[in-house]
Structure formats: structure tokens, C-alpha cells
Amino acid sequence: MHKEKQKILIIGSGGREHAIGWKIAQSKEKQNLYFAPGNAGTLELGANVAISATDIPKLVEFAKKEKIDLTLALPDDPLALGIVNAFQAENLRIWGPTKDASELEWSKAYAKDFMKRHKIPTAKYEVFTDFKKAKFFIEKGKLPIVIKASGLALGKGVTVAQTKEEAFKVLEDILVNKIFGSAGNEVVIEEYLSGIEISIHAISDGKNYKMFPSSQDHKRIFDGNVGPNTGGMGVIAPLPFVDKAMMTRIEKEIVAPTIAKMAEEGRPFVGILYPGIMLTAEGPKVFEFNSRFGDPETQAYMRLLETDFIDIVEASLEEKLKDLEIKWKKDTFACNIALASGGYPGSYEKEKVISGVEEAKMQPDIVVFHAGTKIVRQDLTTNGGRVLGVSAIGNTLEEALKKVYKAIEKISFDGMQYRKDIGKSALEIKN
Ligand code: AMP
Ligand code: GLY
């Protein structure tokens, strides 16, 4: 299907990018991997290129000069900046949604209007640019109420306000004080959805799609889902409490119409569609769309995936997903726990020496993915908020979690924090 020794450029530097590189390194044909900018883990798989994920002109220049065969655009910012369009304009092969298609993620106002137009289940909402009008809307609304900056705001743009005063303050910060800059020119105010939050991923070639297993991220920093939101502290997949009937319902009511209507509206979606879904008493409802792989969801998916990752990407690019069967490890569960710097998601120090990764890696069924790491004078050190992702697989979720927490005991760095309750609530839910 594809030629030998491709040069593949992976954009990004997180656990997601390391996990995809790790999986590609097992492809049946040998690939030369490049990461821009990568981390200390990706260095073991290929070359790190010192170009930021958002420096699109430099990335284009590099891809041309190095004759890169295929680029994988993974993080949200470059997609929103139109990296796919820029590469395509230069006849460079790149996988990911175009700027128009990824608007589902980078404009919450656009995503909400899209869902309303096509009757895709989501929370009731209004979009505002005017502070007074928004305030009036909140005054007559119910509590809690959810306020969202429409644009990309580093995962910090959403507030679930418990009081009207809190809601007014957030509104003022976004619309008047512009704490998120132009990402807060528009604000979505929506109804609070109560239920269980899950992650769904589907890969699309613009026309057809294939569903991935269900997964669940744990976004808050502390055990028991308290404290501020993070990029994601731990994931489990597949979810024991999400049955086939629910997956079919999500596919029919959410994924299928989204892919079909994006194509109909002239924005065919090529890449990963990742709706965040709340399982409410009234059924599954979308609370956000992402136009890319989740992090840490990807780390769990790569541990479960059997099919060659490059075959999947090629099928997505060639509009051949209909003919591809994506295979997942049978009767297997995966988990991935983030080890974070002390202080994260607030400010934190860097360059703390990390010990024990090699020992952790030797434990059965463990793979350690790097996120914020770098080598300083031959030492592995911290270089970000989420530092490492320790993953395990097992025949049950309990088994995978037991293995992962045992392996984590081997690893330490100054200030290291992680959640001890990943998967706990999932195990408590009766099917
Ligand atoms: P996001 O930054 O878009 O991932 O949203 C952050 C978190 O806000 C989500 O993980 C949800 O827990 C929560 N959230 C977003 N929208 C709603 C909603 N309408 N009702 C309840 N919670 C929500
Ligand atoms: N899992 C959270 C995110 O990727 O946005």
C-alpha cells in the first residue's frame, strides 16, 4: 500500500506525539521519524527538529528541504492556524483537518451553531459579543451555568459558574478584560449538563469514518475530580460501562451526522473527530468538539491498536476507510497516568532530574511515554507541566491499573504529583 522508508514528520511534543511515534516505529515498513519539536522520549525513535509546532513557514521549509513524505498534524494550535492548508498549497502530503474543518474545535460558537443546524444533541446555548446582553441572559437563567470563551484558550476557557456573581466576573474577564485575547471575542453561554463525561474518537476520510473504542480522561488535577482543569491527568479505555448500544447511539446521533454535514457544507473532515460527550439522563450530548487526537486518550489507544498506524492514515488520506478494518487488542484494557510537575496546572519549576524510568519500563506490560522532558547534561529532566505518561495494559481494567500504579512507584522527581484514583469511578459504575 505504501512505499518503503518513508520520512514522516510528527508535529508536537507531548505524550500523544510520543505514543504515535512509538506505534509507527512498529510499522511493518521501517520509517524515518522526525518530531517538531519533540521531547526526550521521541529522541529514542527519531530526530527532534528545533521548530515550534506553530511555526508553519519553518515547518513547510523543513518538509520541503528534507523531502518529508508525510506529515502528521496533531496539536490543536497548528490546525487552527491552517497548517494543513499551508502544506497542501506546497503539494506536501499532510494528515489532519483543514482550517475550515477544524473550526469545529477552534470556534465553539461555530460548533454550537453547526450542531443546532443539524440537530446534533448538545447543551442549549446562546452566543454573545456584548457584555450587557450576556449579563442579562445570565440574570434570568438557571444555575449552575457554563461560560466558554469561543476560541482556543489552552484548556482554560470554560467555567462552570455556581453563582451569578462568579458568572458575571468570568464574563467580564473574557469580554471586557480580554484575558484570553481574541479567543474571547465571542462567548458561548450554555446550560449545565449533568452526567458522566466520556471521550469518543472517530477517524474520517471526509466521507466515511471508523469509530475507536470509548475512553475517559480525568481532567481535574486532584483525586475525586476537584481542583482546576488540566490538559488531562489520566485515561482508561475502553469503558466497561459504555455498551455497544450506547456506542451505536453515539455513532448515529453524533458522529455520522457530523461527518456527513461537514462534507455537505464544503468542509470535508479528514482526521480525528473527538467529541467530548456527557452521558445525561436524556442521552449522550456533545459538550465540545475537538478536531484531533486527545492527549492522554491517544496513549491508551496506541496501546490497544493492532492495525498498522500508517495504514490507517493512508486510508484516511486516500478516502479508503470504508475498506479498512481497524483491529484492536481483544479483551484488553489500557490506562495511562500523567506524572506532573509540582504546581501544575499553575506555575512550576523545570529541569528536575527524573529517576527510575528505566526500571518502570521493565515492569510487565508497561510503556512510559514522555511529554515535558528534556536531556540536560545527560540527565533526563522535567521540561513541562505533564512530564511523563505511564501506561499499562491488562485483561481487565483493574489489572491494568494495578500494574500501572506499581510501575509508577519506581519513578520520582522533585515535586512529582499524580492522581491515585484514575479509573476508580468507572469501576464503581454498574453496567
Ligand atoms: P473543555 O475545556 O472544553 O474541555 O471543557 C472543560 C470541562 O468543562 C469539560 O471537561 C466538562 O467537564 C466541562 N463542561 C463543558 N461544558 C459543559 C456543560 N455544558 N455542562 C457541564 N460541564 C461542562
Ligand atoms: N483529553 C483532553 C484533550 O485532549 O483535550
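The rules behind these values
Residues numbered from 1 in each chain as written. Chains lettered and ligands numbered in written order. Predicted model: local features only at pLDDT ≥ 70, side-chain atom pairs only at ≥ 80, totals over all residues. Heavy atoms only, no water. Helix = DSSP H or I, 4+ residues; strand = E, 2+ residues; numbered from the N terminus. Buried < 20%, exposed > 50% of the residue type's maximum accessible area, 1.4 Å probe, protein only. Axes fitted to C-alpha atoms, helices over the stretch in contact; angles between N-to-C directions. Parallel < 35°, antiparallel > 145°, perpendicular 65-115°, else oblique. Left-handed = near helix turned anticlockwise from the far one by under 90°. Contact = heavy atoms within 4.5 Å. Nonpolar A, V, L, I, M, F, W, Y, C, P; charged D, E, K, R; others polar. Core = buried A, V, L, I, M, F, W, Y, C linked by side-chain atoms within 4.5 Å. Near = heavy atom within 4 Å. Polar contact = N/O pair within 3.5 Å; in protein donor to acceptor, adjacent residues only side chain to side chain. Areas by Shrake-Rupley, 256 points an atom, 1.4 Å probe, with all protein chains shown as cover.

A.B. asks: What am I meant to see in the environment of Glu61 here?
C.D. replies: Topologically, Glu61 is positioned in helix α2 (residues 56–65). Residue classification places Glu61 among the exposed positions, given a relative accessible area of 53%.

A.B. asks: Can you walk me through the packing of helix α1 (residues 15–24) against helix α10 (residues 297–304) in this structure?
C.D. replies: What describes two packed helices is the angle between their axes and the distance between those same axes. Running from N to C, α1 and α10 point in directions that differ by 15 degrees, and their axes come no closer than 8 Å. Considered as vectors, α1 and α10 are oriented roughly parallel to each other. In this structure, the crossing between α1 and α10 has a hand that is left-handed. Along its contact with α1, which presents Gly15, Arg16, Ala19, Ile20, Trp22 and Lys23, the element α10 presents Thr298, Gln299, Met302 and Arg303. Partitioned by chemical class, the residues of the contact of α1 with α10 number four nonpolar, three polar and three charged.

A.B. asks: Hey, could you run me through the nonpolar core in this one?
C.D. replies: Grouped burial of nonpolar side chains is what soluble globular proteins tend to show. Judged by nonpolar contacts, the single largest core of 55 residues is most densely connected at Leu104, Ile198 and Val390. In terms of nonpolar packing, the next biggest core, distinct from the first, is built from 37 residues, Phe212, Val235, Ile272 and Phe309 among them.

A.B. asks: Mind showing me how you'd approach the site of ligand 2 here?
C.D. replies: All residues in the neighbourhood of ligand 2 are listed as Asp217, Lys219, Gly231, Tyr274, Arg292, Gly294, Asp295 and Glu297. Separating a nitrogen atom of ligand 2 from a side-chain N or O atom of Asp217 is a distance of 2.8 Å. One of the side-chain N or O atoms of Arg292 is found 2.8 Å from an oxygen atom in ligand 2. For ligand 2, the protein covers 87% of the area, taking 200 Å² as the surface of the free molecule. Considered class by class, the residues forming the shell around ligand 2 number one nonpolar, two polar and five charged.

A.B. asks: Quick question: what am I supposed to make of the packing of helix α7 (residues 131–139) against helix α8 (residues 164–176) here?
C.D. replies: Where α7 meets α8, the axes come as close as 10 Å, and the angle between the chain directions of the two elements is 160 degrees. As far as their axial angle goes, α8 and α7 are roughly antiparallel. The element α7 and its partner α8 pack so that their crossing is right-handed. Of α8, the residues touching α7 (which contributes Phe131, Ala134, Lys135, Ile138 and Glu139) are Lys164, Ala167, Phe168, Leu171, Glu172, Leu175 and Val176. Looking at the contact of α7 with α8 residue by residue, the classes come out as eight nonpolar, no polar and four charged.

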